[in-house]
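One-letter residues, chain by chain:
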Amino acid sequence: KFGDNVITTGQTGGIMDTGTSLIYGPEEQVNSIIQSLEGAQLVPQLGLYKIPCDTDIPNLEFQIGGQPYNIPGDQLKITDKSDQVCFFGVAVMKFAASSEFDTLDEELEERVVDEIKNLAGEASSPVPTEFQHNTWLMGDSFLRQQYNVFDYDNSKFGLAELRDDLKEQ
């Protein structure tokens, strides 16, 4: 949910990624969000949407296991040092084909591209079929809003609400 707008009523997948700063989602769902942000313009070189710095961004809510998890709208605005240029911290998850990359190590490049394609659902994938092309990549802007527990031994992930004095203001 973005403010009062329901983005999707169906189930979507989620990948918790501590190595990603932003939130990336399926194109149709992200576009639904972007349409409600007046003045948002895609900057193709960055894959991000530039927004007026005075934009009032609604909260973004994800339901996980029936529980709502909110990201305050002000945590979804990225402002440059001059406070003159702002970007929206949610973007469309896109993956380039290996021929679009220019790296020094072609073998590494192919391995990375194969892994990305797996996550995107373009090859045999650890992402269940029903979530292929329907998965959100949840970066730090989501993860820092609650406690995160990674239980690798039991292949589980858990979330818990932060104490009020630890929440981002």
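What you are looking at is a predicted structure, and each value in this text was computed from that prediction instead of being measured.

Asks: Any chance you could explain the packing of aromatic side chains here in plain terms?
Replies: To describe a pair of aromatic rings, you give the distance between the ring centres and the angle between the ring planes. This model, assessed by the stated rule, comprises 5 aromatic pairs. On the numbers, 5.2 Å between centres and 75° between planes, the contact of phenylalanine 62 with tryptophan 136 is edge-to-face. Separated by 74 residues along the polypeptide, phenylalanine 62 in strand 5 (residues 60-64) and tryptophan 136 in strand 10 (residues 135-138) bring together distant segments of the chain. Here the two residues phenylalanine 62 and tryptophan 136 agree in accessibility, since each one is buried. Between phenylalanine 150 and tyrosine 152, the aromatic rings sit 6.2 Å apart at their centres with planes inclined by 15°, giving stacked as the arrangement.

Asks: Would you take a moment to explain the nonpolar core for this structure?
Replies: Burial of nonpolar side chains together is a common tendency in soluble globular proteins. Phe2, Ile23, Leu60, Leu76, Phe88 and Phe142 are the most contacted members of the largest nonpolar core, which has 24 residues in total. Those elements that place two or more of their residues in this core are helix 1 (27-34), strand 4 (48-51), strand 5, strand 6 (67-71), strand 8 (86-88), strand 9 (90-92), strand 10 and helix 3 (140-143). Contact partners of phenylalanine 2, with chain neighbours within four places excluded, come to Ile7, Ile33, Ser36, Leu37, Ile57, Pro58, Asn59, Leu60, Leu76 and Phe88.

Asks: How should the sheet that holds strand 10 be read in this particular structure?
Replies: Adjacent strands of a sheet pair through backbone hydrogen bonds, lying either parallel or antiparallel. Pairing within the open sheet is mixed, and its 4 strands lie in the order 1-10-2-9. With one partner strand each, in any of the chains shown, strand 1 (13-16) and strand 9 form the two edges of the open sheet. Each neighbouring strand pair of the sheet contributes to a mean axis angle of 20°, computed without reference to strand direction. As defined by bridge partners, strand 1 adjoins strand 10 across 4 bridges and the pair is classed as parallel.

Asks: How do you make sense of the sheet that holds strand 3 (residues 41-43) when you look at a structure like this?
Replies: As summarised here, the arrangement of the 4 strands in space is 3-4-8-7, forming an open sheet in which the pairing is antiparallel. Single-partner strands in this sheet number two, and they are strand 3 and strand 7 (77-79). Recorded for the sheet is a direction-independent mean angle of 40° between the axes of neighbouring strands. Pairing of strand 3 with strand 4 involves 3 bridges; the strand directions are antiparallel. Across the sheet, the residue bridging to glutamine 41 is lysine 50, located in strand 4.

Asks: I would appreciate a short explanation of a nonpolar patch on the surface in the present structure.
Replies: A cluster of nonpolar residues, Phe150, Tyr152 and Phe157, forms a patch on the protein surface that exposes about 330 Å² of accessible area. By relative accessible area, which is 68% here, tyrosine 152 ends up exposed.

Asks: Please clarify how helix 1 should be interpreted in this entry.
Replies: Think of an α-helix as turning once every 3.6 residues; residues three or four places apart then point the same way. Buried residues of helix 1: Gln29, Val30, Ile33 and Ile34, and no others. The buried residues of helix 1 occupy an angular sector of 140° when the element is viewed end-on, so they sit on one face. Among the structural elements, strand 2 (23-25), strand 4, strand 5, strand 8, strand 9 and strand 10 are those in contact with the buried residues of helix 1.

Asks: Which parts of the structure should I look at to understand the side chain of glutamine 146?
Replies: Position of glutamine 146 relative to the elements: it lies in strand 11 (residues 146-151). Apart from residues lying up to four places away in sequence, glutamine 146 is in contact with Tyr69, Leu159, Ala160, Glu161 and Leu162.

Each value, and the rule that gives it
Residues numbered from 1 in each chain as written. Predicted model: local features only at pLDDT ≥ 70, side-chain atom pairs only at ≥ 80, totals over all residues. Heavy atoms only, no water. Phe/Tyr/Trp six-rings, centres within 6.5 Å; stacked < 30°, edge-to-face > 60°. Helix = DSSP H or I, 4+ residues; strand = E, 2+ residues; numbered from the N terminus. Buried < 20%, exposed > 50% of the residue type's maximum accessible area, 1.4 Å probe, protein only. Core = buried A, V, L, I, M, F, W, Y, C linked by side-chain atoms within 4.5 Å. Contact = heavy atoms within 4.5 Å. Pairing = 2+ DSSP bridges. Axes fitted to C-alpha atoms, helices over the stretch in contact; angles between N-to-C directions. Patch = residues over 30% accessible without salt bridge, like charges linked within 9 Å, V, L, I, M, F, W, Y side chains within 5 Å. Areas by Shrake-Rupley, 256 points an atom, 1.4 Å probe, with all protein chains shown as cover. Salt bridge = Lys/Arg side-chain N within 4 Å of Asp/Glu carboxyl O. Arc of directions from axis to C-beta.

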